[in-house]
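Chains, contacts and geometry: an overview
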Amino acid sequence: MHSHASAFLISDLHLTPSMPLTAQRFFDFCEKEAREVEAVFILGDLFEYWVGDDANAQSPFHSEVKNALAALSSRVKTYYMHGNRDFLVGTSFLKKTGMTLLADPCTVQIAGDEYILSHGDGLCTADSGYQLYRGWTRKPSTQKWFLRLPLSWRHAIADRLRKNSKAQYRRDTRFSLDGVNPKGNVTLEACAALVRSQSSRKLIHGHTHLPARHHENHLDLEWQRWVLSDWDLDHPETYLPKASALRIDQQGVRYLDLVKN
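Predicted model, so just to flag it, every value in this text is computed and none were measured. (Residues numbered from 1 in each chain as written. Predicted model: local features only at pLDDT ≥ 70, side-chain atom pairs only at ≥ 80, totals over all residues. Heavy atoms only, no water.)

1. A short note on the state of the cysteines
- All chains considered together, the criterion is met by zero disulfides.
- The cysteine Cys-30 is free of any disulfide, with Cys-106 supplying the nearest cysteine sulfur at 20 Å.
- Its relative accessible area of 3% is what places Cys-30 among the buried residues.
- Between Cys-191, a cysteine without a disulfide, and Cys-124, which holds the nearest cysteine sulfur, the sulfur-to-sulfur distance is 8.4 Å. (Disulfide = S-S within 2.5 Å. Buried < 20%, exposed > 50% of the residue type's maximum accessible area, 1.4 Å probe, protein only.)

In structure tokens, the structure reads:
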């Protein structure tokens, strides 16, 4: 089990050249705040999408991200977990950045306590259609087939999937009073099953873009759950600027607002 005295945890930055302010805040985070701890855990969806190490190696933007991660990894232990947008990040990119790949889920020890880490999409079991898609895309045979396609085809497929996902989200939230997609959130049943299978009663995940700390109880099982924030500093006309990290050390667990810092 990985063990550290202090750590930052982030997820869902969705880095892309079209979001330069968000990307710059990530670069600043790597240079400043991240170096104050022993470890940084990136729990998926660092990128808006990833169609293969070979494709993104040709991008100046992704090279800049790679260099920032390599510089960070040379000073701080850096871990990476696949998300639903970047599950094709492979060994080549990981090797060049110096990051260590984590299984989803996994258990780590930070400041003397054990935490279960997950990206979170596998816990959204109310969306059976997505779970079928997730299972299919995680198969090594499917990924091997996809990575053999021409780059132009891979980019076109990724673009179509993103558009379909956004359209589905709008349909699912159309009649929601709070604007939250009920299918896109984790379920108590899935979280309880995960927690019951582990030695820890503390769960941290991203994916849902609903940062908060929860004290939960299901079928006489109690646990704590922290949800990581997504980052977006480039669309003030749609969202309030948002970017935060979860810090864990001897002082406890707390969110650090990176918009204000």
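Next comes the rest of the account.
2. Examining the pattern of salt bridges
- Enumeration according to the criterion identifies 16 salt bridges in this entry.
- The partner of Arg-162 in a salt bridge is Glu-48, and the shortest N-O contact between them spans 3.5 Å. Note that Arg-162 is positioned in helix H7 (residues 151-173) and Glu-48 in the loop between strand S3 (39-42) and helix H2 (53-56), a separation of 114 residues in sequence.
- A residue is classified by how much of its surface remains accessible, and Arg-162, at 18% relative accessible area, is buried.
- Classification of Glu-48 as buried rests on a relative accessible area of 13%. (Salt bridge = Lys/Arg side-chain N within 4 Å of Asp/Glu carboxyl O. Helix = DSSP H or I, 4+ residues; strand = E, 2+ residues; numbered from the N terminus.)

3. Quick word on the sheet that holds strand S12 (residues 252-257)
- On the basis of which strands lie adjacent, the open sheet formed by six strands has the order S5-S4-S3-S2-S11-S12 and mixed pairing. Bordering the open sheet on either side are strand S5 (100-102) and S12, each of which pairs with just one other strand. In this sheet, neighbouring strand axes are inclined to one another by 25° on average, regardless of whether the strands run parallel or antiparallel.
- Inspection of the sheet shows strand S2 (residues 7-10) paired to S3 by four bridges, in the parallel sense. Within S3, the residue paired with Ala-7 across the bridge is Ala-39. (Pairing = 2+ DSSP bridges. Axes fitted to C-alpha atoms, helices over the stretch in contact; angles between N-to-C directions.)

4. Description of the sheet that holds strand S10 (residues 221-227)
- Spatial ordering of the open sheet is given by S1-S6-S7-S8-S10-S9, a layout of six strands whose pairing is mixed. Each edge of the sheet is formed by a strand with only one pairing partner; in this case those strands are strand S1 (3-4) and strand S9 (212-218).
- Looking at chain direction, S1 and strand S6 (residues 106-110) are connected through two bridges and run parallel. Directly across from His-4, in S6, lies its bridge partner Ile-110.
- This element, helix H8 (residues 188-197), spans strand S7 (113-118), strand S8 (202-205), S9 and S10 of the sheet and lies at about 105° to S10. (Contact = heavy atoms within 4.5 Å.)

5. Section: the packing of helix H1 (residues 20-31) against helix H3 (residues 60-73)
- Orientation of H1 relative to H3, taken along the N-to-C sense of each, is 20°, at an axis distance of 9 Å. When the interaxial angle is binned, H1 and H3 end up roughly parallel. In this structure, H1 crosses over H3, and the sense of that crossing is left-handed. Here Ala-23, Phe-26, Phe-27 and Cys-30 of H1 come into contact with H3, specifically with Phe-61, Glu-64, Val-65, Ala-68, Leu-69 and Leu-72. (Parallel < 35°, antiparallel > 145°, perpendicular 65-115°, else oblique. Left-handed = near helix turned anticlockwise from the far one by under 90°.)

6. Side note on unusual backbone geometry
- Put simply, Asp-104 and Pro-105 share a cis peptide bond, and its omega is 5°.
- Mapped onto the secondary structure, Pro-105 falls in the loop between S5 and S6.
- Phi is positive for Leu-219, close to 55°, though the residue is something other than glycine.
- The residue Leu-219 is located in the loop between S9 and S10 in this model.
- Looking at Leu-219, the relative accessible area reads 67%, which means it is exposed.

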